[in-house]
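Here is what each chain is made of, one letter per residue.
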Amino acid sequence: MKILSRRRSRIHAKVPFPNDNRTFSCGTKILVESVFSDTGLNDFLDGLKRDQGERVSNEVVALVANSVEMTGISVNRLDRMLSDDSIRKEYGLGNAHVKSIYRTVDRIGDRSDEIVKYLGMVLRTKYNVNMDVVFTDWTSMYFETSPNSVIKFGYSRDHRSDRPQINVGLSMDSDSGMPIGLTMMPGNILDVTHFEDTFKQISPLLNKDSVIVFDNGAYSKKNSDLLEENGVGFVTRLELNKSEIDYVKNHRSEWNMVDDEIMCIERTGYLGRKRHIFFSLKRRLEIFDQYRRKAEHDYDEMEEMRLALEYGKKPRKKYRNGNCFVNTHLSYQFPLKGIDRDSAIDIAVKNMVTGREGLFTLMSNRPFSPSKVLELYRSRNSIETAFRDLKHGIDWRPANCSKPSAIKGRVLVSFLALFCMSMVRFLYSEFRHLSAESMTEQLTTFSLTLRRHQDGSEDRIFSNFCPIIRRLRGMKSSSSPRKSPDQMSITSFAA
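Procedures and definitions
- Residues take numbers from 1 onward in each chain, read along the sequence in its written order.
- Local features in this predicted model are restricted to residues of pLDDT 70 or higher, and side-chain atom pairs are both shown and tallied only at a pLDDT of 80 or more, whereas totals for entire chains, interfaces and linings draw on every residue.
- As a rule here, side-chain values come from all non-hydrogen atoms in the structure, and water together with hydrogens is ignored.
- Strands are runs of DSSP state E lasting at least 2 residues, helices are runs of H or I lasting at least 4, and numbering of each runs from the N terminus.
- We call two residues in contact when some of their heavy atoms are within 4.5 Å.
- Accessible surface is estimated by sampling points in the Shrake-Rupley manner with a 1.4 Å probe; for residues, cover comes only from the protein chains shown.
- How far a helix is expected to stretch is found by multiplying one less than its residue total by 1.5 Å.
- The rule is simple: take the accessible area with a 1.4 Å probe, protein chains only, and divide by the maximum for that residue type; under 20% is buried, over 50% is exposed, in between is partly exposed.
- Only rings of Phe, Tyr and Trp enter the pairing, Trp through its six-membered ring, and a pair is recorded when the two centres are within 6.5 Å. The plane angle decides the type: under 30 degrees is stacked, over 60 is edge-to-face, the rest tilted.
- In our convention, an over-ring charge means Lys NZ or Arg CZ found within 6 Å of a ring centre and within 35 degrees of that ring's normal.
- Being paired, for any two strands, means DSSP has found at least two bridges between them.
- Throughout, an axis means a line fitted to C-alpha atoms (over the contacting stretch in the case of helices), and angles, computed between N-to-C directions, take values from 0 to 180 degrees.

### Focus on the overall build of the protein
The helix and strand tally for the protein stands at 18 helices and 12 strands. Within the protein, counting contacts between residues at least 6 apart in sequence, those at least 24 apart form 64% of the total. Looking at the protein as shown, the accessible area adds up to about 26000 Å², and 50% of this sits on carbon and sulfur atoms.

### Here we look at helix H2 (residues 27-39)
An ideal rise of 1.5 Å per residue puts 18 Å on 13 residues; H2 measures up with 19 Å between its terminal C-alpha atoms. Of all 13 residues in H2, 11 are buried; the element is thus mostly enclosed. Listed as buried for H2 are Gly 27, Thr 28, Lys 29, Ile 30, Leu 31, Val 32, Ser 34, Val 35, Phe 36, Asp 38 and Thr 39. Once H2 finishes, Gly 40 follows within two positions and takes phi at roughly 75 degrees, a positive value.

### Overview of the packing of aromatic side chains
Under the definition given, this model contains 12 aromatic pairs. Aromatic side chains Trp 138 and Phe 195 sit 6.0 Å apart centroid to centroid with 50 degrees between the ring planes, which places their arrangement in the tilted category. Of this pair, Trp 138 sits in strand S2 (residues 133-142) while Phe 195 sits in helix H9 (residues 191-202); the two residues are 57 residues apart in sequence, bridging distant segments of the chain. Comparing Trp 138 with Phe 195, the two get one shared label, buried. With relative accessibility at 2%, the residue Phe 195 sits in the buried group. The ring centre of Tyr 142 lies 5.2 Å from the NZ or CZ of Arg 160, which sits over that ring. In this structure, Arg 267 packs its charged tip against the face of Tyr 247, placed 4.5 Å from the ring centre.

### Notes on the sheet that holds strand S7 (residues 256-257)
Within the open sheet, the nine strands sit side by side as S4-S3-S2-S5-S6-S10-S9-S8-S7. Their pairing is mixed. In this open sheet, the two strands that pair with only one neighbour each are strand S4 (179-186) and S7. Pairing analysis gives two bridges linking S7 to strand S8 (residues 262-268), with the strands arranged antiparallel. In the strand pairing of S8, Met 257 is matched with Met 263. Along the sheet face, helix H16 (residues 404-427) touches S2, strand S3 (165-173) and S4 and points at about 160 degrees away from the line of S4.

Dropping the structure here:
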């Protein structure tokens, strides 16, 4: 009985003879095709070249779909993948040389601004995206190549100061969560300089009452005056200066509660712009906790160094000069010797206090209440999430290209992938909580199998329909306050 039971629990599967069947993931391809068709981007892309060779739209679909599916998209890897006749056929690519994909990257890079502006106008006219509040932010993207006129060394948000980079600006509508702007500048350009290009790109999309929310790295008198001249409101954070600290000390009685743990003092600054000085008790406690953790780490490090010196050992390499041509005599003093650990840490924390803990300043040129200004600035976190999607869900780095047009095309491909994912979140409320990683994981399970028969015919078998694909397969959109009554969702894809 024991042997019979064991045999019954086994799975006996025969490995068939080799065949020519092909199975590959096509969920991202379906998503990109659906969004491109619904926005009319296919026709716009096809108009970027003469009526010969491959359709630009088909090659861009291949680029964008695989930038989602591959981790760290490489045009070279895509080039090798598209050498397969079956895959080229699925993307509607004919017999043109597979290297044409490189020319397509250059072509869309040269017309990057036109493509981004086109999508912004489609969002405004077809999908009723009002763009009343727009978030802007900037990040860096490093490259595995030598520096040139565009790729330069600069402040790296990726902590890769050893690699040259470009700076990328992204704009996003607050209400819909749709990306509406993309700008690129050399890697040594600061946000405060990059701001003007970003604003000029999105300004045709804005209303007369629109408000732009950005961080303090892009604030300057020149940039704020530019917004004033164009009648655009703004909310930004400012560095807390000594005059504001003194103002807080002299007006302690003027604090007003904004919510349970935040207070605010208002003052009028340059050109009548309201400065809101906030105090957060929670943030103050968090900062003091950071001070204490640093002091604890430094104390333990000091003890390790002291013991090494007492036993006649050399300090760790990071405390010594590593230059073989320099002879340096280092000495260390431990002024807190004889004090117990907790007392020493308390003294260190007290010395770290600046008086700014828990204070921050937000400024606006609109008569917003403190709670409204705080709400607008806090909601800016959504653009940080978009950058996180680009860097981890779509993974636009590291890149290996050097021509300015190829660089722009490479970044634009990732932007279009973000646009397609954001469109699904915008139109279908049930997907608004999904990150780029979650959407990619779901889409890549949907697969197409090409089963080939001896007579040369093929069967096309779709399997693993995920919720996103089911929605794209012709179902109407769920009700959403963002769309007009006659607005349809993305309707269908060609099966």
